[in-house]
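# Descriptive structure summary
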Amino acid sequence: MKSVRIWSLLCLIWMGVLAASAQDTGKEKLKVGDAMPAITLNSEVYGKVTPADLKGKVVLVSLFATWCGPCQLELAEVQKTLWPKYKDCKDFKLLVIGREHTDAELKKYNERKKFTFPLYPDPKREVFSLFADQTIPRAYLFGKDGKLIHASIGYTKAEFEELMKTIETALK
């Protein structure tokens, strides 16, 4: 009986260590006022995006994974609310980036989800690593001057509404 208790305690400690290691360190790579990292995205479906394509625009970088529950909620809200409002705005660019996903995976995913906004692959976390080490979804909004004006981790309806207000302000 004593060995079962010790084994259970060791398992609990191990699970705690795993949970702690899965969390962010608390140290963010970007803070409000920082310049947008110089990213280049390549998609067989949506083409190439370079830093020059983003200059002078309000840019929303949304980092997600197809298996992430909160990401699904956020992307559904992007499809329902954000994309219809800003898809034709010449001063706005939406970059939805699939962490550790290929074009083929994102194409298959999008066939199921029926999103009408572009999904860009980041199979080796090269873009993601410029923004963070862990945790998705993440949203980074950059103003026309290329500086970070809003950042969020995770998804809540209230946070998304705040993001929408910030986009509107940035576009004025």
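Conventions and cut-offs
- Starting from 1, residues in each chain are numbered consecutively following that chain's sequence as written.
- Residues qualify for local features only when their pLDDT is at least 70, as the model is predicted, and side-chain atom pairs are given and counted only at 80 or more; totals for whole chains, interfaces and linings, by contrast, use all residues.
- Just so you know, side-chain values use all the structure's heavy atoms and leave hydrogens and water out.
- Working definition: helices are DSSP H or I runs of at least four residues, strands are E runs of at least two. Numbering for both runs from the N terminus.
- Whether a residue is buried, partly exposed or exposed follows from its accessible area with a 1.4 Å probe, protein chains only, as a fraction of its type maximum: under 20%, in between, or over 50%, in that order.
- When charges are counted, neither His nor the chain ends are considered; positive counts come from Lys and Arg and negative counts from Asp and Glu.
- Whenever a carboxyl oxygen of Asp or Glu lies within 4 Å of a side-chain nitrogen of Lys or Arg, that contact is scored as a salt bridge.
- When checking whether two residues touch, look at their non-hydrogen atoms; a contact exists if any pair is within 4.5 Å.
- Residues are said to line a cavity or pocket when one of their atoms sits within 4 Å of a point; the points come from a 1 Å grid over protein atoms alone, cavities being sets where a 1.4 Å probe fits but cannot get out and pockets being open sets with protein on both sides within 12 Å along at least five of seven lines.
- Grid points are joined across faces, edges and corners, and a volume is the space filled by probe spheres set on the points.
- Three categories are distinguished: nonpolar for Ala, Val, Leu, Ile, Met, Phe, Trp, Tyr, Cys and Pro, charged for Asp, Glu, Lys and Arg, and polar for the others, with Gly belonging to the last.
- Residues belong to one nonpolar core when they are buried, are Ala, Val, Leu, Ile, Met, Phe, Trp, Tyr or Cys, and are joined through side-chain atoms within 4.5 Å.
- A helix's residues, less one, multiplied by 1.5 Å, set its expected span.
- Fitting axes to the seven residues that end at a residue and to the seven that start at it, the angle between those axes gives the bend at that residue.
- Aromatic rings from Phe, Tyr and Trp, taking only the six-membered ring of Trp, are treated as a pair when their centres fall within 6.5 Å; an angle between ring planes under 30 degrees marks them as stacked, one over 60 as edge-to-face, and anything in between as tilted.
- Either the NZ atom of lysine or the CZ atom of arginine qualifies as a charge over a ring when it sits within 6 Å of the ring centre and within 35 degrees of the ring normal.

Going by the annotation in an unreviewed UniProt entry, the name recorded for the chain is TlpA family protein disulfide reductase, with Bacteroides mediterraneensis given as the source organism.

## So, the side chain of Glu-74
When you line up the elements, Glu-74 lands in helix α3 (residues 69-86). Nearest to the buried, unbridged Glu-74 among oppositely charged side chains is Arg-138, at 10.0 Å. Discounting chain neighbours no more than four positions away, the residues touching Glu-74 are Ser-62, Pro-137, Ala-139, Gly-154, Tyr-155 and Phe-160.

## Points about unusual backbone geometry
The step from Ile-136 to Pro-137 runs through a cis peptide bond, and the omega angle for that step is -5°. With respect to the secondary-structure elements, Pro-137 resides in the loop between α5 (128-131) and β6 (138-142). Positive phi values are uncommon outside glycine, yet Lys-114 reaches one of about 65°. Secondary-structure assignment places Lys-114 in the loop between α4 (103-113) and β5 (119-122). A residue is classified by how much of its surface remains accessible, and Lys-114, at 60% relative accessible area, is exposed.

## A short note on the layout of surface pockets
Put simply, the largest pocket is a space of about 210 Å³. Forming the boundary of the largest pocket are 16 residues, of which Met-36, Pro-51, Leu-54, Lys-55 and Gly-146 lie nearest the centre. In terms of residue class, the lining of the largest pocket is made up of nine nonpolar, three polar and four charged.

## So, the nonpolar core
Counting 48 residues, the largest nonpolar core has Val-61, Leu-82 and Leu-95 as the members making the most contacts within it. Secondary-structure elements contributing two or more residues to this core are β3 (58-64), α3, β4 (92-99), α4, β5, α5, β6 and α6 (157-171). Residues within four places of Leu-95 in sequence aside, it is in contact with Met-36, Ile-39, Leu-41, Val-49, Leu-54, Val-59, Leu-60, Val-61, Ser-62 and Tyr-120.

## Overview of α3
Between its first and last C-alpha, α3 extends 24 Å over 18 residues, near the 26 Å set by a 1.5 Å rise per residue. The sharpest bend along α3 reaches about 45° and sits at Val-78. Within α3, burial applies to Cys-71, Gln-72, Glu-74, Leu-75, Glu-77, Val-78, Leu-82, Trp-83 and Tyr-86. Residues of α3 that are buried make contact with β3, β4, α4, β6 and α6.

## Quick notes on the packing of aromatic side chains
This structure, assessed with the given rule, holds nine aromatic pairs. Between Tyr-46 and Tyr-120, the ring centres sit 6.0 Å apart and the planes meet at 55°, which makes this aromatic pair tilted. Residue Tyr-46 is found in the loop between β1 (41-43) and β2 (47-49), and its partner Tyr-120 is found in strand β5; the two are separated by 74 residues along the sequence. The class for Tyr-120 is buried, based on a relative accessible area of 2%. Joined through ring pairs, the aromatic side chains of Phe-64, Trp-83, Tyr-109, Phe-115 and Phe-117 make up one cluster. Lying over the aromatic face of Phe-128, Arg-99 brings its terminal NZ or CZ to 4.9 Å of the ring centre.

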